[in-house]
Amino acid sequence: MPGFWGRWAIDCRAMESTIAFIGGGNMASAIIGGLRGQGLPAAQVEVVEPWDEARARLAQQFGVQAQAAPGEALRRAGVVVWAVKPQTFREAAQAAAPFCADALHLSVAAGIRSDSIAAWLGSERIVRAMPNTPALVGLGMTGLYARPSVGDADRAQVERIVATTGESVWVDAEPLLDGVTALSGSGPAYVFFFIEAMTRAGIEMGLTAAQAQRLAVGTFRGAAELAHRSDEPPELLRQRVTSKGGTTYAAITALQADGVDALLVKAIRAAQARAAELGDEFGR
Ligand SMILES: NC(=O)c1ccc[n+]([C@@H]2O[C@H](COP(=O)([O-])OP(=O)(O)OC[C@H]3O[C@@H](n4cnc5c(N)ncnc54)[C@H](O)[C@@H]3O)[C@@H](O)[C@H]2O)c1
């Protein structure tokens, strides 16, 4: 993996202090992969991860030694990344807070509001991030929100960390992060869902599973890159594919007749509502 990260020009070797991760699962691994790939030494990464198998994987993949429980080593951390599930955040915070009072805190947990985190940790130096799994290949999109008292140096430090996984967008009102969670945090799942359906259609039409999946994935990749590079809106790019009375017209008309576009908006709003609920359910 490290060779892959060579494309990005952020150099983590100059990062001043240790970064600690509370929770060493999927999201933590994506960020640790980015940091290690950009040259952050393994000795500058602390992880608290109770699950034996996850600790072994972190050691094998990234050369990082994780601890089963928080302890004195956390005191060296300038930044603590909270990468536990919303359901376990409070419990994890209670155990780790005594060791990281002076750190900058970066939470990736969906829904958990910074008021709750501030109360649990007794600190105002809190930034919330909502990344997504393409971070694993350096193409992540992350939404960021900082509590009002977080200074420019702390914001810049967060940007440097997140830049190892892709791009980021700051929002200036915390509730907007629930929308970011619903759109880009959960978004890769919507894309995979469409790829699955397109692959199924390909198989129904007689293609092999391998052929159908390759065509579907390649089409998403190409269309996303075209939209990314183009100055023109997606609507116009879509119209260019759609000849009047042609094949695409037949497909788009069928999608619109079943209200698929409205359904997609409804689905994303359901994710947004769930993010807010998570904050209510598992916040303070
Ligand atoms: N996976 C995604 O696509 C995604 C995207 C954006 C944000 N997030 C957020 O990231 C967070 C982590 O999600 P994930 O997908 O990495 O989950 P995960 O289950 O892969 O990782 C969470 C890890 O936390 C560990 N853990 C449990 N209790 C702990 C404790 N008390 N102290 C320390 N570690 C503990 C678990 O053993 C597990 O390995 C969640 O809050 C989620 O909302 C996930």
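Residues numbered from 1 in each chain as written. Predicted model: local features only at pLDDT ≥ 70, side-chain atom pairs only at ≥ 80, totals over all residues. Heavy atoms only, no water.

Now, about the overall build of the protein chain: what can you tell me, with residues and values included?
Scanning the protein chain from N- to C-terminus turns up 11 helices and eight strands. The globule rule puts the C-alpha radius of gyration for 284 residues at 19 Å, and the 21 Å found for the protein chain is close to it. Taking as baseline every contact in the protein chain between residues at least 6 positions apart, the subset at least 24 positions apart corresponds to 64%. For the protein chain, the exposed surface amounts to about 15,400 Å²; the carbon and sulfur share of it is 58%. In the protein chain, which carries 26 positive and 29 negative side-chain charges, the distance between the mean positions of the two groups comes to 3 Å. (Helix = DSSP H or I, 4+ residues; strand = E, 2+ residues; numbered from the N terminus. Rg over C-alpha atoms; globule rule 2.2 N^0.38 Å. Contact = heavy atoms within 4.5 Å. Areas by Shrake-Rupley, 256 points an atom, 1.4 Å probe, with all protein chains shown as cover. Lys, Arg positive; Asp, Glu negative; His and termini not counted. Charge placed at Lys NZ, Arg CZ, Asp CG, Glu CD.)

Just give me the short version of the site of the ligand, but keep the residues and values in it.
Taken together, 20 residues surround the ligand, and among them N26, M27, E49, V84 and A110 come closest. At 2.6 Å from an oxygen atom of the ligand is found a main-chain nitrogen or oxygen belonging to V84. Residue A110 places a main-chain N or O atom 3.0 Å away from an oxygen atom belonging to the ligand. With the chains in place, 79% of the 830 Å² that the ligand exposes on its own is no longer accessible. Listed by contribution, the elements that provide at least two residues to the shell around the ligand are α1 (26-37) and α3 (86-96). For the shell around the ligand, the residue count by class is 14 nonpolar, four polar and two charged. (Near = heavy atom within 4 Å. Polar contact = N/O pair within 3.5 Å; in protein donor to acceptor, adjacent residues only side chain to side chain. Nonpolar A, V, L, I, M, F, W, Y, C, P; charged D, E, K, R; others polar.)

How would you explain the UniProt feature "domain: Pyrroline-5-carboxylate reductase catalytic N-terminal" (unreviewed entry) in the protein chain if you had to name every residue and give the values?
Look at the UniProt record and you will see "domain: Pyrroline-5-carboxylate reductase catalytic N-terminal" (unreviewed entry) annotated at residues 18-110. This span, residues 18-110, is 37% helix and 23% strand, and a straight line between its end C-alpha atoms measures 24 Å. (UniProt positions renumbered as here; feature names shortened; annotations may be inferred.)

With reference to specific residues and values, describe the UniProt feature "domain: Pyrroline-5-carboxylate reductase dimerisation" (unreviewed entry) in the protein chain.
Mapped onto this numbering, the UniProt entry annotates "domain: Pyrroline-5-carboxylate reductase dimerisation" (unreviewed entry) at residues 174-278. The annotated region residues 174-278 carries 83% helix and 0% strand content, and the separation between its end C-alpha atoms amounts to 14 Å.

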